[in-house]
Amino acid sequence: MTDRILILAAGLCGIAGVAFSAAAAHGGAVNAGTAASFLLMHAPALLAVGLWNSSRTLRIGALVLLAGVIVFAGDLLTRDYAGTRLFPFAAPTGGILMMAGWAGIGLSGIIRRKG
């Protein structure tokens with residue numbers, strides 16, 4: 001089930017990344033371009049994990065990465081379109097979650113799979 005969620009999330013990140021890239025280019029939203037970049041750069045990683053018969057550590061890392069992207073991009077977009085923050089320290093929290101997710105993905109390369 002996690003694999004299907006990650007594939008769906010990859011597609012949604014890709015769609016949102018393209019849409020917010022266009023919005024930033026045409027509407028002048030300062031943070032939308034940064035949010036779009038983060039969505040687009042993480043979509044292939046989520047897709048790869050979703051398509052690969054991955055270890056539990058890799059899947060958990062990808063889910064933490066996804067949570068970070070959602071919080072980080074969500075905060076930037078909320079600033080542009082609602083004029084407020086998602087919650088205090090949302091962007092740094094999202095950034096830390098993304099780093100933790102990438103650490104989990106990297107850690108999965110050295111953790112031995114059972115079976």
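### Structural notes on the pattern of salt bridges
For the structure on display, the rule yields one salt bridge. The salt bridge partner of Arg79 is Asp75, with a shortest N-O separation of 2.9 Å. Of the two residues, Arg79 and Asp75 are both situated in helix H3 (residues 56–82); the distance of four residues between them amounts to about one turn of the helix. Looking at Arg79, the relative accessible area reads 27%, which means it is partly exposed.

### Describing the packing of aromatic side chains
Inspection of the entire model under this criterion finds two aromatic pairs. On the basis of an interplanar angle of 35° and a centroid distance of 6.2 Å, the ring pair of Phe20 and Tyr81 is categorised as tilted. Here Phe20 is found in helix H1 (residues 2–27), whereas its partner Tyr81 is found in helix H3, with 61 residues between them in sequence. The exposure class assigned to Tyr81 is partly exposed, which follows from its relative accessible area of 48%. Where Phe38 meets Phe72, the ring centres are 4.6 Å apart and the plane angle is 50°; that geometry is what we call tilted.

### Side note on unusual backbone geometry
Even without being a glycine, Phe89 presents a positive backbone phi close to 65°. Here Phe89 is to be found in the loop between H3 and helix H4 (90–107). On the basis of relative accessible area, Phe89 is assigned to the exposed category, the value being 62%.

### A short note on the packing of H3 against H4
Running from N to C, H3 and H4 cross one another at 160°; their axes reach a closest spacing of 7 Å. Overall, the two elements H3 and H4 adopt an arrangement that is roughly antiparallel. Note on packing geometry: the crossing formed by H3 with H4 is left-handed. Classifying every residue of the contact of H3 with H4 gives 15 nonpolar, seven polar and two charged.

Reading the values: rules and limits
Residues numbered from 1 in each chain as written. Predicted model: local features only at pLDDT ≥ 70, side-chain atom pairs only at ≥ 80, totals over all residues. Heavy atoms only, no water. Salt bridge = Lys/Arg side-chain N within 4 Å of Asp/Glu carboxyl O. Helix = DSSP H or I, 4+ residues; strand = E, 2+ residues; numbered from the N terminus. Buried < 20%, exposed > 50% of the residue type's maximum accessible area, 1.4 Å probe, protein only. Phe/Tyr/Trp six-rings, centres within 6.5 Å; stacked < 30°, edge-to-face > 60°. Axes fitted to C-alpha atoms, helices over the stretch in contact; angles between N-to-C directions. Parallel < 35°, antiparallel > 145°, perpendicular 65-115°, else oblique. Left-handed = near helix turned anticlockwise from the far one by under 90°. Nonpolar A, V, L, I, M, F, W, Y, C, P; charged D, E, K, R; others polar.

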